[in-house]
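Single-letter residue listing:
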Amino acid sequence: MLIRTYTPQAPLSGFVDYFWYFEGYAPPHSKELSLPDGSIELVINLHNDKIKLFSREYKDPLRTYGSSVICGPHSEYFIIDTSAEATVLGIHFIPGGISPFLKMPVNELHNTHVSLDALWGASAYDLREMLLQSQTVDEMFRILEANLIKLASRPLIRHPAVSFALNEFMRLPHTRPLSDVIDQIGLSQRRFIQIFKEEVGLTPKLFCRLRRFQEVLNRLDHTKCVNWLDVAIACGYYDQMHFIKDFQAFSSLNPTDYLSAQGRHHNHVAIHN
């Protein structure tokens, strides 16, 4: 198994968290529950020309995509196929980071997957072909970095209101009311929510809920014995019931079921069936 990551240089570093590469055999389970974090991922399958995603009811594949797919900002879980050998390359965008590379508002990708050629046309095919001809992973990263800059359809700049809000929302636990953040920005609530949705893909309120959920997962990934009330309070929930309700809404699991799941790693839970 080979796993590599790479942080691109400026100006991409202001929009991309990291590039990643995975090469290895399939795990013993054929499906994984992918939990939402509001981020956007570009995935390029270098092993075959199809990417499969299953229905939320764990049945047959809901859709078969091309060799490259954009995973939009999700606030719902989805299920991925892990049954085949994989050689996969990807881009993990920071919140709102994909906006300059699309000709549409990012919220149109909310809870959706889209084949990359539907967004980038023939450029998606050309990019994959160049990657397949690469001799090393480092060369792949260089090709991805150079071509991503060329594929930008808008200037590589962030809306200052969105940048300010994201900095505030990424602080955990987030205790400031949304209205306080908006007051500092100087926009009407309606205008700010519209701008934030178009660039990040989620409403500010939903984004903050997902950040809180992700902080819970971070804590659970480092422990086997948990005081659930302490976790709920530390992550900014009103009470334990509020915490459990949110956890189930985002994952379909009870917190205790997630903690005891076999084959679990952050944001992914093995499905054994």
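In the block above lies the structure referred to throughout.
These figures come from a predicted structure and were not determined experimentally.

Observations regarding unusual backbone geometry
Here the bond from A10 into P11 is cis, since omega is 10°, no more than 30 degrees from zero. One non-glycine residue, N111, lies in positive phi territory at about 55°. Within the fold, N111 resides in the loop between β9 (86-93) and β10 (113-115). One non-glycine residue, S252, lies in the positive phi region at around 70°.

Thoughts on the nonpolar core
One finds F196 and F247 to be the most contacted residues of the largest nonpolar core, which totals 39 residues. For this core, the secondary structure elements donating two or more residues are α4 (160-169), α5 (178-185), α6 (189-200), α7 (204-220), α8 (228-234), α9 (240-251), α10 (255-260) and β12 (268-271). Looking at which element gives the most residues to this core, the answer is α7, with 8 residues. Ignoring sequence-local partners within four residues, the contact set of F196 consists of V162, A165, L166, F169, G201, L202, T203, P204 and F207. One finds L42, L46, L109 and F141 within the second-largest nonpolar core, a separate group that totals 31 residues.

Some remarks on helix α2 (residues 122-132)
Listed as buried for α2 are A124, L127, R128 and L131. What you see down the axis of α2 is that its buried residues fit within an arc of 95°, all on one side. Turned more than 90 degrees off the buried face of α2, the exposed positions are A122 and Y125. Those residues of α2 hidden inside the fold are in contact with β4 (40-45), β7 (68-71), β9, α1 (116-120) and α3 (137-150).

Thoughts on the packing of aromatic side chains
In this structure the tally under the stated criterion is 14 aromatic pairs. One aromatic cluster in this structure is built from F213, W228, Y237, F243, F247, F250 and Y258. In this arrangement the basic side chain of R212 is found over the ring face of Y237, its NZ or CZ atom lying 4.5 Å from the centre.

Focus: the sheet that holds β9
Pairing in this open sheet of 6 strands is antiparallel, and the strands run β1-β2-β9-β4-β7-β10 from one edge to the other. Edge positions in the sheet fall to β1 (2-6) and β10, since each of these pairs with one other strand and no more. The sheet shows a mean angle of 20° between the axes of neighbouring strands, direction not considered. Sheet topology note: the β1/strand β2 (residues 16-24) ladder contains 5 bridges and is antiparallel.

Brief notes about the side chain of R128
Its place among the elements puts R128 in helix α2. It turns out R128 is buried and unbridged, and the closest side chain with the opposite charge, E129, is 4.5 Å from it. A polar atom in the side chain of R128 sits 3.0 Å from the backbone oxygen of N48. Beyond its immediate sequence surroundings of up to four residues, R128 is in contact with I44, N45, L46, H47, N48, D49, S67 and S68.

Observations regarding the environment of T223
Take T223: it is sitting in the loop between α7 and α8. Given a relative accessible area of 25%, T223 falls into the partly exposed group. In this structure the C-alpha to C-alpha distance between T223 and L259, which are 36 residues apart in sequence, comes to 8.7 Å.

Overview of the environment of N254
By the element assignment, N254 lies in the loop between α9 and α10. For N254, the residues in contact, after removing those within four places along its chain, are F247 and Q248. Of the polar contacts made by the side chain of N254, one reaches the side chain of Q248; its length is 2.2 Å.

Basis of the calculations
Residues numbered from 1 in each chain as written. Predicted model: local features only at pLDDT ≥ 70, side-chain atom pairs only at ≥ 80, totals over all residues. Heavy atoms only, no water. Helix = DSSP H or I, 4+ residues; strand = E, 2+ residues; numbered from the N terminus. Core = buried A, V, L, I, M, F, W, Y, C linked by side-chain atoms within 4.5 Å. Buried < 20%, exposed > 50% of the residue type's maximum accessible area, 1.4 Å probe, protein only. Contact = heavy atoms within 4.5 Å. Arc of directions from axis to C-beta. Phe/Tyr/Trp six-rings, centres within 6.5 Å; stacked < 30°, edge-to-face > 60°. Lys NZ or Arg CZ within 6 Å of the ring centre and 35° of its normal. Pairing = 2+ DSSP bridges. Axes fitted to C-alpha atoms, helices over the stretch in contact; angles between N-to-C directions. Lys, Arg positive; Asp, Glu negative; His and termini not counted. Salt bridge = Lys/Arg side-chain N within 4 Å of Asp/Glu carboxyl O. Polar contact = N/O pair within 3.5 Å; in protein donor to acceptor, adjacent residues only side chain to side chain.

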